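Observations on the three-dimensional arrangement
The chain contents come next:
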Amino acid sequence: TLTKSTGSFYEDNSFDAFIDKDSNTESNLGNVKQKSSHSKYTVEYTTEGKQILILYGTEYGFSEEVAKHLFDRICEHQSLDPLIQPRLVNASKYECLDLMREQVCLLLISTSGDGVPPTDARPFYDYIMSATIDLHHLRFSVLAMGDSNYPQFCKTGRSLESRLLQMGGKSIIPRQDVDMEDWSAIYSWISKFINFLTSADLRVNLDYLRLKQEEEGYNRHRPFMATLKVKRLLTSYQGPGDKETIHCELDITGSGLTWTSGDAVGIYPQNNKSEVDWLLKCMKCQDSDPVQIPDWAYKEDENQLEKQINLRQALMTYYDLKNVKTDLLLALQDNLKASKQKIRLSELLREGVSKANCELKEYLSGKEVADVLEEYDSHTLPHHQILSCMKPLQPRYYSISSSPLIDKNTVCVTAAVVRYELLGIPRTGVTTTFLQDRLEVGERCPVFMSRNPDFRLPADHRIPVILIGPGTGIAPFRAFVQERALHKQDCGEVHLYFGCRHRDNDYLYSQELETWKKEELISLHVAFSREQERKVYVQHLLVHDEAIIWKLINQFT
Ligand SMILES: Cc1cc2nc3c(=O)[nH]c(=O)nc-3n(C[C@H](O)[C@H](O)[C@H](O)COP(=O)(O)O)c2cc1C
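This write-up is about the structure you can find in this document. (Residues numbered from 1 in each chain as written. Predicted model: local features only at pLDDT ≥ 70, side-chain atom pairs only at ≥ 80, totals over all residues.)

On to the overall build of the chain, then. Looking only at helices and strands, one finds 17 helices and 21 strands in the chain. Counting the 557 residues in the chain, one finds 42% classified as buried. Restricting the contact set of the chain to residue pairs at least 6 apart, pairs at least 24 apart contribute 77%. (Helix = DSSP H or I, 4+ residues; strand = E, 2+ residues; numbered from the N terminus. Buried ≥ 20, exposed ≤ 12 C-beta atoms within 10 Å, placed from the backbone. Contact = placed C-beta atoms within 7 Å.)

See the structure below:
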């Protein structure tokens, strides 16, 4: 939760799990009539057929990408058995009781936070973990996404599997734990399932599920176009090396969007124009080449898919320029004209494209799509092939730094602008520089809400709180304190620990914090790390205040 609350976390170019994104049509598949007929995943639940439910739970979109791939593979199998009917459903939209009617369920789910299920899949997870339904008829298997660097590796998938077994479900193929994006493990699990399909005697399912109402309102798939109404710098930024943190206010009037302090806002950025210029050059394409809006793109309006756009617009809005998919290298390998380049790339790929290829991993670290195309410039790949090897541009999430109780139409965001140099070239974080450099006050950008139910003020405002938020980590706590201020007379103690480098440079919201301190709303503890010889951080202040902290903890737990 706390990583999520720091404004800059999602700008980290090294984290490349953000592969795919939901499309508007994915979530209610199977049991909902879709408005748009453009997505190949639009499958209405039919009363006939051998139903195979692909259920996925995702935080960052990877499980969804794999689920779609699995869906495609099963569709291929329809040529052998046309009665096979896969359905792709987001666990957040699934009516759990319907599991009692399913024959085969493939569950693809990641582990997030500190070993917890993805936010949207939480109700599904909670239901399964506490349900007592008879699943003796159900044949299932789990593909658990995770990262072995976390102590609770693939915990969600593991827990769900054992619970489904307890309720009588039969595992058709062993659970597969997937360490990051280990596609070889994924392919092997899928192959086992396809073998099962060939041999399995599935019955034709005559049950049918209720049609559900399509969800109204704005969401990740159909974001609201919010207007930027305020933007100001919170730090005294002089140049490279200095902190550059901004405060933005987004007007969401008329959206119907709501949030609770502790929630985050998702923002879809536009890429940097000069980075798109560079990529176009490396692609050897004209920016006016016409392209289709990808079917996974978020929708600004219902007719969007009818629209044609040009290549520049597509790269600006929908594609991730920063993270390189290994598919691009494979496409280049078959296409390069210069033999030296061909040999070099074949060397790099001789161990394959799995995670085990350390040389490849190192090569790709920090490389952007343009870096690769520039290096292998003898390619003649057409733009549609390059686009098909690129990842979707993901929204970034920022803890909302204002309370809806103060103004329900204004969403505040506190973001540290990311600029750095790599391989001798200046690089930028996509969304933070979008907000700072490219989005003018009065202009609009697509936003949606992201719930964070584990991160809340206690319902009882008399309970004391200890808030530790250095740097942009202060963001959600600004909202918390605004809310506590509404109960000034009888609110519990608020200990706020903030940290920054210098009082005069990067002390975010210093006036507000000092005012709250003066009004005795908060006990303010600030660590200025670079104002003395020895570095002082919030943890040092906590150790110093050990007695107060333990007293509060012991009193209220
Ligand atoms: C903030 C964060 C916390 C994570 N926590 C865990 C964890 O506790 N256990 C684990 O196995 N993987 C963890 N992961 C790794 C994800 O499960 C992994 O990246 C997965 O591929 C994401 O799949 P998704 O896109 O479908 O959510 C975490 C990733 C992030 C970004």
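There is more to say, and it comes next.
The next point concerns helix α14 (residues 475–485). For α14, the tally of buried residues reaches 10 of 11 residues, placing the bulk of the element in the interior. Looking only at α14, the buried set comprises Ala475, Pro476, Phe477, Arg478, Ala479, Phe480, Val481, Gln482, Glu483 and Arg484.

This paragraph deals with the sheet that holds strand β20 (residues 494–500). Read across the sheet, three strands follow the order β19-β20-β21 without closing on themselves; strand pairing throughout is parallel. Both edges of this open sheet fall to β19 (465–468) and β21 (523–528), since each of them pairs with a single strand only. Going across the sheet, the axis of each strand differs from the next one's by a mean of 10°, ignoring polarity. In this sheet, β21 lies alongside β20 in parallel orientation, the contact comprising six bridges. Of the residues in β21, the one forming a bridge with Gly499 is Ala527. (Pairing = 2+ DSSP bridges. Axes fitted to C-alpha atoms, helices over the stretch in contact; angles between N-to-C directions.)

A word on helix α4 (residues 155–166). Between its first and last C-alpha atoms α4 spans 17 Å; for 12 residues at 1.5 Å apiece the expected length is 16 Å, and the two agree. Those residues of α4 that fall on the buried side of the exposure criterion are Thr156, Gly157, Ser159, Leu160, Glu161 and Leu164. (Expected span 1.5 Å × (residues − 1).)

Taken together, 24 residues form the shell around the ligand, and within it Tyr60, Phe62, Ser63, Ser110 and Gly146 come nearest. Secondary-structure elements contributing two or more residues to the shell around the ligand are α2 (62–77) and β4 (139–146). For the shell around the ligand, the residue count by class is nine nonpolar, 11 polar and four charged. (Near = placed C-beta within 6 Å. Nonpolar A, V, L, I, M, F, W, Y, C, P; charged D, E, K, R; others polar.)

Further remarks concern the packing of α2 against helix α5 (residues 183–199). Their axes nearest at 11 Å, the elements α2 and α5 cross at an angle of 30°. The hand of the α2/α5 crossing is right-handed. Packed against α2, whose contacting residues are Val66, Leu70, Arg73 and His77, the element α5 presents Ile186, Ile190, Ile194 and Leu197 at the interface. Per-class residue counts for the contact of α2 with α5 are six nonpolar, one polar and one charged. (Left-handed = near helix turned anticlockwise from the far one by under 90°.)

With that settled, consider the sheet that holds strand β15 (residues 410–416). With antiparallel pairing, the six strands of this open sheet are ordered in space as β14-β9-β18-β7-β8-β15. Of all the strands in the sheet, just β14 (396–399) and β15 have a single pairing partner and so form its edges. Neighbour-to-neighbour, the strand axes of this sheet turn through a mean angle of 40°, independent of strand direction. The pairing of strand β9 (residues 264–267) with strand β18 (residues 444–450) spans four bridges and is antiparallel. What sits directly across from Gly266, in β18, is Phe448.

The topology assignment puts Gln270 in the loop between β9 and α6 (273–283). Each C-alpha atom, one on Gln270 and one on Leu435, is 9.2 Å from the other, the two residues being 165 residues apart in sequence. Other than its neighbours up to four places away in sequence, Gln270 contacts Met316, Thr317, Phe434 and Arg438.

Membership of the largest hydrophobic core comes to 84 residues, with the highest contact counts inside it found for Val265, Val369, Val413 and Val447. Two domains each donate at least three residues to this core, and these are domain 2 (271–392) and domain 3 (465–556). Not counting residues within four places of it along the chain, the set of residues in contact with Val447 comprises Pro223, Phe224, Ala226, Leu250, Ile252, Val265, Gly266 and Ile267. In this structure, Ala67, Cys105, Val142 and Leu197 belong to the second largest nonpolar core, which totals 42 residues. (Core = buried A, V, L, I, M, F, W, Y, C linked by C-beta atoms within 7 Å. Domains from an automatic or database assignment.)

Along the polypeptide, Gly61 turns up in the loop between β1 (50–57) and α2. Take Gly61: there are 23 C-beta atoms within 10 Å of it, and that puts it in the buried class. In the structure, Gly61 is positioned 49 residues away from Ser110 in sequence and 9.5 Å away in space, judged by C-alpha atoms.

What follows covers the environment of Val89. One can find Val89 in strand β2 (residues 84–90). As a C-alpha pair, Val89 and Gly57 span 32 residues in sequence and 9.0 Å in three-dimensional space.

Of the two faces of strand β6 (residues 176–179), only the one carrying Gln176 and Val178 is buried; Asp177 and Asp179 on the other face are not. The sheet contact formed by β4 and β6 spans four bridges and is parallel. From the neighbouring strand, Met145 faces β6, where its bridge partner is Val178.

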